[in-house]
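Residue-level listing of the chains:
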Amino acid sequence: MNTFGERFKSVRLSKKMTQEQLANEFNRRYGYAFTKTTISQYENNKRQPEMNAIRNFVEYFNVSLDYLLCNDIHVMVKNTI
């Protein structure tokens, strides 16, 4: 998994949530107005969330910012090859 979208989708699926369930629960908890389409665009790398939303996703999914943004050694090594 080398992109934000791939990792974002992976953590959503690990919670066994649909895109719509994620949008509804996340919006309720953090005050956003995301739709299923927005979540799909994030997962397909057609769009990136703003930094404040990314921080909230990190908290929501209980993952590191580095993981979600692909800033780990494994990814950096692959990118340099």
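Quick note: structure is the one above.
This one's a predicted model, so the numbers in the text were calculated from it and none came from an experiment. (Residues numbered from 1 in each chain as written. Predicted model: local features only at pLDDT ≥ 70, side-chain atom pairs only at ≥ 80, totals over all residues. Heavy atoms only, no water.)

1. A word on the packing of helix H2 (residues 19–30) against helix H4 (residues 51–61)
Let me state the cut-off plainly: Angles shown run from 0 to 180 degrees and are taken between the N-to-C directions of axes, each axis being a line fitted to C-alpha atoms and, for helices, limited to the stretch in contact. By definition, any uninterrupted DSSP run of H or I lasting at least four residues is a helix, any uninterrupted run of E lasting at least two residues is a strand, and each is numbered from the N terminus. In what follows, roughly perpendicular refers to angles from 65 to 115 degrees, roughly parallel to angles under 35, roughly antiparallel to angles over 145, and oblique to any angle outside these ranges. Two residues form a contact once any of their heavy atoms are found within 4.5 Å. We call Asp, Glu, Lys and Arg charged. Ala, Val, Leu, Ile, Met, Phe, Trp, Tyr, Cys and Pro are nonpolar, and the rest, Gly among them, are polar.
Contact pair H2 / H4: the axes reach a minimum separation of 11 Å and the direction vectors enclose 105°. When the interaxial angle is binned, H2 and H4 end up roughly perpendicular. Residues Leu 22, Glu 25, Phe 26, Arg 29 and Tyr 30 of H2 form the contact with H4, whose participating residues are Ala 53, Asn 56, Phe 57, Glu 59, Tyr 60 and Phe 61. Residue classes in the contact of H2 with H4 are distributed as 7 nonpolar, 1 polar and 3 charged.

2. A word on the packing of H2 against helix H3 (residues 36–43)
Counted only if it meets this: Should the near helix be turned counterclockwise from the far one by less than a right angle, the crossing is left-handed, whereas a clockwise turn marks it as right-handed.
Where H2 meets H3, the axes come as close as 8 Å, and the angle between the chain directions of the two elements is 110°. In terms of their interaxial angle, H2 and H3 are classed as roughly perpendicular. Remark: the crossing between H2 and H3 carries right-handed chirality. Together, Gln 19, Glu 20, Leu 22 and Ala 23 of H2 and Lys 36, Ile 39, Ser 40 and Glu 43 of H3 make up the contact between the two elements. The residue makeup of the contact of H2 with H3, split by class, is 3 nonpolar, 2 polar and 3 charged.

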